[in-house]
Every structure is written in C-alpha cells, then in structure tokens.
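Residue-level listing of the chains:
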Amino acid sequence: MDTRKRLAKIVLVFVGLFALCWFPNHVLYMYRSFHYQQMDLSVGHLVVTLLSRVLSFSSSCVNPFALYLLSESFRRHFNSQLQCGRGPRPERQASYMHSTSHIRLTSIKKTLPTTAIIALATNGNTNRQEVAL
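Residues numbered from 1 in each chain as written. Predicted model: local features only at pLDDT ≥ 70, side-chain atom pairs only at ≥ 80, totals over all residues. Heavy atoms only, no water.

> Can you walk me through a nonpolar patch on the surface in this structure?
On the surface, L7, V11 and V15 cluster together into a nonpolar patch covering about 270 Å² of accessible area. By secondary structure assignment, the location of L7 is in helix α1 (residues 2-34). (Patch = residues over 30% accessible without salt bridge, like charges linked within 9 Å, V, L, I, M, F, W, Y side chains within 5 Å. Areas by Shrake-Rupley, 256 points an atom, 1.4 Å probe, with all protein chains shown as cover. Salt bridge = Lys/Arg side-chain N within 4 Å of Asp/Glu carboxyl O. Helix = DSSP H or I, 4+ residues; strand = E, 2+ residues; numbered from the N terminus.)

> So what exactly am I meant to see when it comes to the packing of aromatic side chains here?
Centre-to-centre distance and the angle between the planes together describe a pair of aromatic rings. Here the structure, examined in full by the defined rule, presents three aromatic pairs. Note on F18 and W22: the rings are 6.2 Å apart at their centroids and 40 degrees apart in plane angle, and the pair reads as tilted. Taken together, the residues span about one helical turn, with F18 and W22 both in helix α1 at a distance of four residues. Among the residues examined, F18 registers a relative accessible area of 48% and is labelled partly exposed. On the basis of relative accessibility, which here comes to 24%, the residue W22 falls in the partly exposed class. (Phe/Tyr/Trp six-rings, centres within 6.5 Å; stacked < 30°, edge-to-face > 60°. Buried < 20%, exposed > 50% of the residue type's maximum accessible area, 1.4 Å probe, protein only.)

> I tried to follow the packing of α1 against helix α3 (residues 59-70) on my own but got confused; where do I start?
Each pair of packed helices gets described by two things: the angle between the helix axes and the distance between those axes. Interaxial distance between α1 and α3 falls to 10 Å at its minimum, and their mutual angle equals 150 degrees. Judged by the inter-axis angle, α1 sits roughly antiparallel to α3. Seen from above, α1 lies across α3 with right-handed handedness. Counting all contacts with α1, which are made through K9, I10, V13, F14, L17, F18, C21 and W22, the residues of α3 involved are S59, V62, N63, A66, L67 and L70. Grouping the constituent residues of the contact of α1 with α3 by class yields eleven nonpolar, two polar and one charged. (Axes fitted to C-alpha atoms, helices over the stretch in contact; angles between N-to-C directions. Parallel < 35°, antiparallel > 145°, perpendicular 65-115°, else oblique. Left-handed = near helix turned anticlockwise from the far one by under 90°. Contact = heavy atoms within 4.5 Å. Nonpolar A, V, L, I, M, F, W, Y, C, P; charged D, E, K, R; others polar.)

> Would you explain the side chain of S71 in this entry?
Within the secondary structure, S71 sits in the loop between α3 and α4 (72-82). Since its relative accessible area comes to 12%, S71 is described here as buried. At a separation of 3.3 Å, a polar atom in the side chain of S71 contacts the side chain of S73. (Polar contact = N/O pair within 3.5 Å; in protein donor to acceptor, adjacent residues only side chain to side chain.)

> What's the story with the environment of S52 in this structure? I'm lost.
Looking at the secondary structure, you find S52 in helix α2 (residues 43-57). Separated by 24 residues in sequence, S52 and L28 have C-alpha atoms that sit 8.0 Å apart. In this view, S52 contacts P24, N25 and L28; residues no more than four positions away in its chain are not counted. At 2.9 Å, the side chain of S52 forms a polar contact with the backbone oxygen of T49.

> Looking at this structure, how should I read the UniProt feature "transmembrane region" (unreviewed entry) in the protein chain?
Here the UniProt feature "transmembrane region" (unreviewed entry) sits at residues 7-25 and 45-70. For residues 7-25, the helix share is 100%, the strand share is 0%, and the end-to-end C-alpha distance is 28 Å. Here residues 45-70 is 96% helix and 0% strand, with 36 Å between the C-alpha atoms at its ends. (UniProt positions renumbered as here; feature names shortened; annotations may be inferred.)

Structure follows, in structure tokens:
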C-alpha cells in the first residue's frame with residue numbers, strides 16, 4: 001500500500017509540474033485567440049511570450065529533478081552512476097555466466113586470396129574487372 005501511495009504521489013507531482021509549465025503558454029494562446037485582431041508589439045508581451053515558451057519547453061527537463069527528489073531508489077541508482085565505477089559495486093552475474101561450458105572465440109585467418117568483382121559504368125556500358133584483395 002505504501003508503494004502505491006508513493007507512486008501516486010510521484011505521478012501527481014509530474015502532472016502538477018506539467019500543468020504548471022504549460023499553463024502560461026495556454027493562457028497566452030487564449031489571450032491571442034480572443035484578441036486576434038490586435039497585434040501586441042510591446043516589449044512586455046515579447047518577454048512574457050519568450051518566458052512562457054521557455055517554461056513549456058523546460059517541462060521535460062524538470063522531470064528527472066523531481067524524480068530525484070521523490071524517489072529513493074532513483075536517487076540511489078543515479079548516485080551510483082555518477083561514481084563512474086569508483087567504489088564497491090554489487091556483483092551481478094548474468095544467467096549465461098552460470099553455465100559450466102565455456103565459449104572460446106578464435107580468429108579464422110584466410111589463406112586464400114579473396115577476389116572482388118568491380119563493375120565500372122561508363123557511357124551506359126558496364127565493364128567488369130576482377131581484383132585480388
């Protein structure tokens with residue numbers, strides 16, 4: 001039950017942040033739709049327009065910060081990624097490493113030369129030529 005409450009809190013915070021970031025932009029569009037016959041060329045209107053656009057575009061940038069503040073597991077994993085391999089890391093073994101058989105990778109060296117066919121197109125005629133690689 002606690003997990004569901006925590007998850008609901010996180011979702012509500014995300015929805016609230018989204019609404020808060022996009023609200024000025026929608027208010028500005030509504031203002032323009034009711035006053036479409038007049039052009040507002042004032043500096044104040046330009047500043048409000050730019051700030052509302054920046055705020056609406058920053059909506060997606062706010063989410064990781066909110067998640068960092070609200071989720072303990074996200075914060076723990078994020079901090080472990082910031083350490084970049086320094087410090088102790090928990091050992092995690094993949095299921096394929098538990099098998100008893102080992103796989104050895106070897107290189108195969110070709111002893112015979114490989115030939116390639118190069119097609120040269122000149123004036124609609126195709127000339128083929130074999131080249132040893």
